[in-house]
Amino acid sequence: QVQLAESGGGLVQPGGSLRLSCAASGSIIGSNSMGWYRQAPGKQRELVATMSSGGPTKYADSVKGRFTVSRDNAKNTVYLQMNSLKPEDTDVYFCNEFARTSAWGAWTNYWGQGTQVTVSS
């Protein structure tokens, strides 16, 4: 069983900051990447930021320079530091891990339950 536990969402004013955390647990033996996606009602889930196990990162253009993804491999945890938040950042944010639980198994996308981020004055 693989579980992703998210925390850190909440209500913040424009220009403020939040830090999201996601801890993965379970029989994961290999993690290719961890990161964050977001989804608004009626819209497709979109990539926000990811970090591969080796360190390379990928960001959506809309968050570059404002968000920073980091990863603690020893703790199987990924973070998203969100600065200079804008109302359009309001969404449900989902933690993602692309991993496998067996050396013989397929790589699989695992998802957290989502955490609400609301940016409003």
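Report on the accompanying structure. (Residues numbered from 1 in each chain as written. Predicted model: local features only at pLDDT ≥ 70, side-chain atom pairs only at ≥ 80, totals over all residues. Heavy atoms only, no water.)

Whether parallel or antiparallel, the strands of a sheet pair through hydrogen bonds between backbone atoms. Spatially, the 4 strands line up as an open sheet ordered E1-E3-E8-E7, and their pairing is antiparallel. A single partner strand is all that each edge strand has here, and the edge strands are strand E1 (2–7) and strand E7 (67–72). Mean inter-strand twist for the sheet, computed between neighbouring axes without regard to direction, equals 15°. Here E7 pairs with strand E8 (residues 77–82) via 6 bridges, running antiparallel. In the strand pairing of E8, Phe67 is matched with Met82. (Pairing = 2+ DSSP bridges. Helix = DSSP H or I, 4+ residues; strand = E, 2+ residues; numbered from the N terminus. Axes fitted to C-alpha atoms, helices over the stretch in contact; angles between N-to-C directions.)

Here we take up unusual backbone geometry. Located in the positive-phi region is Asn76, a residue other than glycine, with phi close to 50°. Here Asn76 shows up in the loop between E7 and E8. You can call Asn76 partly exposed: its relative accessible area is 36%. (Buried < 20%, exposed > 50% of the residue type's maximum accessible area, 1.4 Å probe, protein only.)

Moving on, we come to the state of the cysteines. What the rule picks out here adds up to 1 disulfide. The disulfide partner of Cys22 is Cys95, and the gap between their sulfur atoms is 2.0 Å. Judged by the torsion about the S-S bond (-85°), the Cys22/Cys95 disulfide is left-handed. One end of the pair, Cys22, is in strand E3 (residues 18–26); the other, Cys95, is in strand E9 (residues 91–100), and 73 residues separate them in sequence. (Disulfide = S-S within 2.5 Å.)

The residue Glu97 is located in strand E9 in this model. Within the structure, Glu97 has its side chain in polar contact with the side chain of Ser31 (distance 2.5 Å). Discounting chain neighbours no more than four positions away, the residues touching Glu97 are Leu4, Ala24, Ile28, Ser31, Ser33, Met34, Arg71, Thr108, Asn109 and Tyr110. (Polar contact = N/O pair within 3.5 Å; in protein donor to acceptor, adjacent residues only side chain to side chain. Contact = heavy atoms within 4.5 Å.)

For the rest of this paragraph, the subject is the pattern of salt bridges. According to the stated counting rule, one finds 5 salt bridges in the structure shown. Asp89 is the partner of Arg38 in a salt bridge, and the nearest nitrogen-oxygen pair spans 3.1 Å. Here Arg38 is found in strand E4 (residues 30–39), whereas its partner Asp89 is found in the loop between E8 and E9, with 51 residues between them in sequence. A single burial state applies to Arg38 and to Asp89, both of which are buried. Among the ionic pairs, Arg38 bridges to Asp91, the shortest N-O distance being 3.8 Å. You can see Arg38 sitting in strand E4 and its partner Asp91 sitting in strand E9, a full 53 residues away along the chain. With relative accessibility at 5%, the residue Arg38 sits in the buried group. Under the relative-accessibility criterion, Asp91 is labelled buried at 8%. Sharing partners across several salt bridges, the network here consists of Arg38, Glu46, Arg66, Asp89 and Asp91. (Salt bridge = Lys/Arg side-chain N within 4 Å of Asp/Glu carboxyl O.)

Counting 26 residues, the largest nonpolar core has Trp36, Val48, Phe67, Leu80, Met82 and Tyr93 as its most contacted members. When contributions to this core are tallied by element, the ones reaching two or more residues are E1, E3, E4, strand E5 (46–52), E7, E8, E9 and strand E11 (115–119). No other element matches E3, which puts 4 residues into this core. (Core = buried A, V, L, I, M, F, W, Y, C linked by side-chain atoms within 4.5 Å.)

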